[in-house]
Amino acid sequence: MFRIGKEEIKAIENVLLSGKVFRYGIGGECARFEERYAEYLGVKHCLMTSSGTTALTAALVGQNIGPGAEVLVPACTYIATAIAVLAAGAIPVIVDVDESITISPAAIEKAIGPRTKAVIPVHMWGMPCDMDAIMAIAQKHNLIVIEDACQCVGGGYKGRKAGSIGHASGFSFNYYKNMTAGEGGAVVTNDDAAVGRMGCMVDCCKFYWTDRQTDESLFVSNGARASEIEGAILNVQLDRIDGMLDIMRGYKKRILAALADTGLQPVKANSLDHEAGTHVMFVLPSEAQATKFQQLAGSGIAGKTGRHVYTEWDPIFAHRGAPYDALNPYLMEANLGCRMDYRKDMCAASLGILNRTAMFGLHPDRTESEIDQLVERIRKAAAQVL
Ligand SMILES: Cc1ncc(COP(=O)(O)O)c(C=O)c1O
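What counts and what doesn't
Residues numbered from 1 in each chain as written. Predicted model: local features only at pLDDT ≥ 70, side-chain atom pairs only at ≥ 80, totals over all residues. Heavy atoms only, no water. Near = heavy atom within 4 Å. Polar contact = N/O pair within 3.5 Å; in protein donor to acceptor, adjacent residues only side chain to side chain. Areas by Shrake-Rupley, 256 points an atom, 1.4 Å probe, with all protein chains shown as cover. Helix = DSSP H or I, 4+ residues; strand = E, 2+ residues; numbered from the N terminus. Nonpolar A, V, L, I, M, F, W, Y, C, P; charged D, E, K, R; others polar. Phe/Tyr/Trp six-rings, centres within 6.5 Å; stacked < 30°, edge-to-face > 60°. Lys NZ or Arg CZ within 6 Å of the ring centre and 35° of its normal. Pairing = 2+ DSSP bridges. Axes fitted to C-alpha atoms, helices over the stretch in contact; angles between N-to-C directions. Contact = heavy atoms within 4.5 Å. Salt bridge = Lys/Arg side-chain N within 4 Å of Asp/Glu carboxyl O. Buried < 20%, exposed > 50% of the residue type's maximum accessible area, 1.4 Å probe, protein only. Disulfide = S-S within 2.5 Å. Right-handed = clockwise from strand over helix to strand, strands pointing away.

A few words on the site of the ligand. Taken together, 15 residues sit near the ligand, with Gly52, Thr53, Asp148, Ser172 and Lys177 positioned nearest. Taking Ser172, its side chain carries an N or O atom lying 2.7 Å from an oxygen atom of the ligand. Within the complex, the protein chains bury 91% of what would otherwise be the 390 Å² of accessible surface of the ligand. Of all the secondary structure elements, the ones that give two or more residues to the shell around the ligand are helix H3 (52-62) and helix H4 (80-87). It is H3 that contributes the most residues to the shell around the ligand, 3 residues altogether. Its residues assigned to classes, the shell around the ligand shows 5 nonpolar, 8 polar and 2 charged.

This paragraph deals with the packing of aromatic side chains. Within this structure, the stated rule accounts for 13 aromatic pairs. An aromatic cluster is present here, built from Phe33, Tyr37, Tyr40, Phe171 and Phe173 joined pairwise through their rings. Of note, Arg307 hangs over the ring of Tyr176, and the distance from its end group to the ring centre comes to 5.4 Å. A cation sits over an aromatic face here: Lys344 above Phe317, 4.4 Å from the ring centre.

This paragraph deals with the sheet that holds strand S4 (residues 116-119). Spatially, 7 strands are ordered S1-S9-S8-S5-S4-S2-S3 in an open sheet, and the strand pairing comes out mixed. Among the strands making up the open sheet, the edge pair consists of strand S1 (45-49) and strand S3 (91-95). Between one strand axis and the next, the sheet turns through 25° on average, direction left out of account. Where S1 and strand S9 (residues 185-189) come together, 5 bridges link them in antiparallel fashion. Opposite Met48, over in S9, you have Ala186 as the bridge partner. In the packing of helix H7 (residues 195-202) onto the sheet, the strands contacted are S1 and S9, and the crossing angle to S1 comes to about 10°.

Along the chain, Val122 falls in the loop between S4 and helix H6 (131-141). Spatially, the C-alpha atom of Val122 lies 6.1 Å from that of Glu147, the residues being 25 residues apart in sequence. When near neighbours in sequence (up to four residues on either side) are disregarded, Val122 contacts Pro74, Thr77, Thr81, Thr102, Cys129 and Asp148.

For the coordinates displayed, the defined rule picks out 23 salt bridges. Between Arg225 and Asp203 there is a salt bridge, with the nearest N and O atoms lying 3.2 Å from each other. One end of the pair, Arg225, is in the loop between helix H8 (206-209) and helix H9 (228-258); the other, Asp203, is in the loop between H7 and H8, and 22 residues separate them in sequence. Given a relative accessible area of 37%, Arg225 falls into the partly exposed group. Of the residues examined, Asp203 reaches a relative accessible area of 4% and is grouped as buried. Asp273 is paired through a salt bridge with Lys253; the nearest N and O atoms lie 2.6 Å apart.

Here we come to the sheet that holds strand S13 (residues 357-361). Strand order in the open sheet formed by 4 strands is S10-S11-S13-S12, with antiparallel pairing between adjacent strands. The two strands at the open ends of the sheet, each matched to only one other strand, are strand S10 (265-266) and strand S12 (300-301). Pairing of S10 with strand S11 (residues 279-283) involves 2 bridges; the strand directions are antiparallel. Bridge pairing links Gln265 to Val283 in S11.

Bringing the state of the cysteines into the picture now. On inspection of all chains with the given rule, the structure shows 0 disulfides. This cysteine, Cys150, is not joined by any disulfide, and Cys152 carries the nearest cysteine sulfur, 10 Å off. Note on Cys150: relative accessible area 9%, which makes it buried. Cysteine Cys152 shares no disulfide, and the gap to the nearest cysteine sulfur, in Cys129, comes to 8.6 Å. A relative accessible area of 0% places Cys152 in the buried class.

What follows concerns the pairing of S4. Pairing geometry for strand S2 (residues 70-74) and S4, over 3 bridges, is parallel. When the bridges of S4 are listed, Leu72 appears paired with Val119. As judged from the 2 bridges shared by S4 and strand S5 (residues 144-148), these two strands associate in the parallel manner. Pairing of Ala118 across the sheet is with Ile144, part of S5. In this fold, the crossover linking S4 to S5 by way of H6 has right-handed handedness.

Printed below as a string of structure tokens:
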């Protein structure tokens, strides 16, 4: 879900004609975006990266999460959430989602073991997790909270922006996201002490181009530097995001109100007034009803997108956590005490919810009459299915 057009073309043209496409030494588009995005979110630090995956990895490493640590991840998220944990050398432990289809606070508390050091709440399909409950549990058990806000760019939770609540957070600007530069990402934090390590993960050669000082936080990592072209596109997209989300939130509320008398049960919202509004979802009483509803209403099914449920995470199930055995977190001595026994039925409660959840994607370019038609289609399907 995004809008892209002539303003982006102009912004790219300006960068190309200036000849300054490398981000350092010019105080250009990337630096401007980082400053503006941090201000937009209400956080102290923002670093642009090449992807959401590298952003989450940098967020984890910034908080010193690595070998020896278990990190709780939800049963419903893109595999990249778990990949970021492995890229940091830690082990992902998969826990249930609840009726909000985001990570269950009760399941987090139940899953905490002696090795658990962090949790990654993922704000799926524009809908924020129950952050009050999650932050309270984290405080009680001394856990680091890394928000995966990749699918919730611009969305919020009770008046605060998604990604501004935990210890650090990752955003994606890939093709499917609310703002896009084709690819891209950002890692953010309020933690001054984390910035050096996060910066090393994003671009460990940065010191050549900025301030070359021997810094004890320096280490080697893969590069994930963003280009001025990405910065230019995202500066335009940032001007647009709030207006787009306002329209979608409005559409979502209108759809839910118009269907309130149908007996359809909307997915539990943790913050309806502040979420991104990109998706409308209903939980049907049974999987058979959800399948029939899908056919009649033309919806998707949250559990059957083919890539957002843990059962699809093939390399994780195979414990192939790195290209070489010696680098594979699943084989590292430091991780031997971590829980890594994945089974396809381990989060059966989540599968039960996700396979009954019908979803419709929204877009700000949909017209009012298209929304009315969608409502009618859903209403007719509900009448036949319930
Ligand atoms: C929830 C979630 N986390 C992480 C990512 C990873 O983002 P990227 O593809 O930019 O690496 C995605 C991307 O689709 C995502 O949806």
